[in-house]
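# Results of the structural survey
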Amino acid sequence: MRRNLVMVMDDIADIKIAKDTSFALLLEAQRRGYRLLYLNEADLFFEQGRAGATVRPLKVRDHAQGWFELGARGSHYFGPDDVVMMRADPPVDPDYLHATYLLDLAEAAGALVVNRPRALREFNEKLAIGRFPDLIPPTLVSASHARIRAFVREQGKAVLKPLDGMGGKGIFLATGDDPNLNSMLETLTAGERRPAMVQAFLPEIRDGDKRVLVINGKPVEYVLARIPGGEDFRGNLARGGRGEGRPLSAGDRAIAEAVAPMLVEHGIMLAGLDVIGDRLTEINVTSPTCMRELDAQFGLNIAGQLFDAIDS
């Protein structure tokens with residue numbers, strides 16, 4: 001059994017432990033006797049032929065005040081005793097990409113990296129759905145303002161979003177005659193210099209944007225439906241959406257089972273599928289969330305399911 005959990009994440013002092021999946025993973029690893037080592041992505045390095053990181057020993061507790069304790073900084077070189085979790089939030093910018101290249105070297109040294117660094121680079125969370133055209137809503141990816149305007153007019157109403165965002169940030173809802181559409185396009189495409197994603201608006205969003213967690217190729221039996229607040233079309237919890245747990249439906253299961261073989265093939269042990277109605281809208285692989293909310297509502301231990309797969 002591997003002995004260390006090396007957690008690459010954003011500042012642990014800023015998390016909200018009631019809904020932070022990285023925190024759930026840390027709690028479970030600690031319960032299983034792993035030594036916890038904490039770092040940010042900028043702490044990774046390669047030195048004298050070895051991949052390593054500047055880390056701090058970490059202890060966690062499930063308490064709203066004082067939920068973590070950090071030890072002194074030291075150097076850690078990756079090897080077969082390590083499970084490394086890359087949980088830094090998007091955007092997948094140059095700094096993030098450089099971290100994945102260093103984690104390739106950690107993997108080569110024998111560490112198990114969750115999710116696999118190459119997959120984090122190859123599976124853009126918006127574009128990955130293009131591998132499953134039969135499961136997705138009408139979708140366009142383009143930098144062309146003319147092409148996007150024509151698509152929005154054709155659909156009547158559409159959702160426009162950047163390819164590298166998270167948490168609902170930078171997402172717009174537009175109609176073909178929206179007087180603000182040109183400004184939206186200028187913002188999203190940086191003046192036709194970068195592509196954006198445009199999807200047909202799905203009215204089923206009123207019933208929630210469902211997060212389906214897939215662990216080692218198997219869907220969790222419950223989903224978190226993120227229901228938009230009264231003044232926002234977005235269901236993201238970060239944008240005021242309300243999380244409501246529900247049993248996995250037959251349609252949700254069919255989508256998860258269609259996507260799962262690709263996830264397993266590419267070393268994606270933890271993914272979060274976003275489903276509106278019966279359409280797949282995103283495949284989240286960088287830092288999927290919603291474990292804590294589902295655990296609390298249904299008495300689950302989803303992090304335990306992941307560690308069962310890791311420890312097997």
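Residues numbered from 1 in each chain as written. Predicted model: local features only at pLDDT ≥ 70, side-chain atom pairs only at ≥ 80, totals over all residues. Heavy atoms only, no water.

## Observations concerning the nonpolar core
Most often, soluble globular proteins have nonpolar side chains that are buried together. Ranked by internal contacts, the top residues of the largest apolar core, which has 44 residues, are Phe78, Val259, Leu273, Leu280 and Ile283. For this core, the element with the most residues is helix 6 (residues 250-265), which contributes 5 residues. Residue contacts for Ile283: discarding those within four places in its chain leaves Glu125, Ala128, Ile129, Phe132, Val259, Met262, Leu263, Gly272 and Leu273. With 35 residues, the next largest nonpolar core counts Met7, Phe23, Val60 and Ala303 among its residues. (Core = buried A, V, L, I, M, F, W, Y, C linked by side-chain atoms within 4.5 Å. Buried < 20%, exposed > 50% of the residue type's maximum accessible area, 1.4 Å probe, protein only. Helix = DSSP H or I, 4+ residues; strand = E, 2+ residues; numbered from the N terminus. Contact = heavy atoms within 4.5 Å.)

## Focus on the sheet that holds strand 11 (residues 172-175)
Sheet architecture is open: 4 strands sit in the order 9-12-10-11, paired in antiparallel fashion. Edge positions in the sheet fall to strand 9 (139-142) and strand 11, since each has one partner strand and no second. Each strand axis lies, on average, 25° off the axis of its neighbour in the sheet, ignoring direction. Where strand 9 meets strand 12 (residues 196-200), 4 bridges bridge the pair, whose relative direction is antiparallel. (Pairing = 2+ DSSP bridges. Axes fitted to C-alpha atoms, helices over the stretch in contact; angles between N-to-C directions.)

## Quick look at the pairing of strand 7 (residues 82-86)
Counting buried positions over the 5 residues of strand 7 gives 5, a clear majority of the element. A two-sided burial pattern is seen for strand 7, the buried positions comprising Asp82, Val84 and Met86 on one face and Val83 and Met85 on the other. Two strands pair when backbone bridges link them, and strand 1 (residues 4-8) and strand 7 are joined in this way by 5 bridges, in the parallel orientation. Following the sheet pairing, Leu5 is matched in strand 7 by Val83. For strand 7 and strand 8 (residues 112-114), the ladder comprises 3 bridges, and the chain directions are parallel. Bridging from a neighbouring strand, Met85 pairs with Val114 of strand 8. For the handedness criterion, the β-α-β arrangement of strand 7, helix 2 (residues 94-108) and strand 8 is classed as right-handed. (Right-handed = clockwise from strand over helix to strand, strands pointing away.)

## Re the side chain of Glu282
Along the chain, Glu282 falls in strand 18 (residues 279-284). Among the polar contacts made by the side chain of Glu282, one reaches the side chain of Lys161 at a distance of 3.2 Å. When neighbours within four sequence positions are excluded, Glu282 is seen to be in contact with Glu125, Lys126, Ile129, Lys161, Gly272, Leu273 and Asp274. (Polar contact = N/O pair within 3.5 Å; in protein donor to acceptor, adjacent residues only side chain to side chain.)

## Focus on empty space enclosed by the protein
In this structure the tally under the stated criterion is 1 cavity of 30 Å³ or more. Each pocket or cavity is described by its volume, and for the largest cavity that value is around 50 Å³. Lining the largest cavity we find Leu25, Met85, Met86, Arg87, Val114, Asn115, Leu270, Val285, Thr286, Pro288 and Leu306. Here the residues of the lining of the largest cavity are counted per class, giving 8 nonpolar, 2 polar and 1 charged. (1 Å grid on protein atoms, 1.4 Å probe; cavity = no way out; pocket = protein on both sides within 12 Å on 5 of 7 lines; lining within 4 Å. Points joined across faces, edges and corners; volume = space filled by probe spheres on them. Nonpolar A, V, L, I, M, F, W, Y, C, P; charged D, E, K, R; others polar.)

Worth remembering: the numbers are spatial, not functional.
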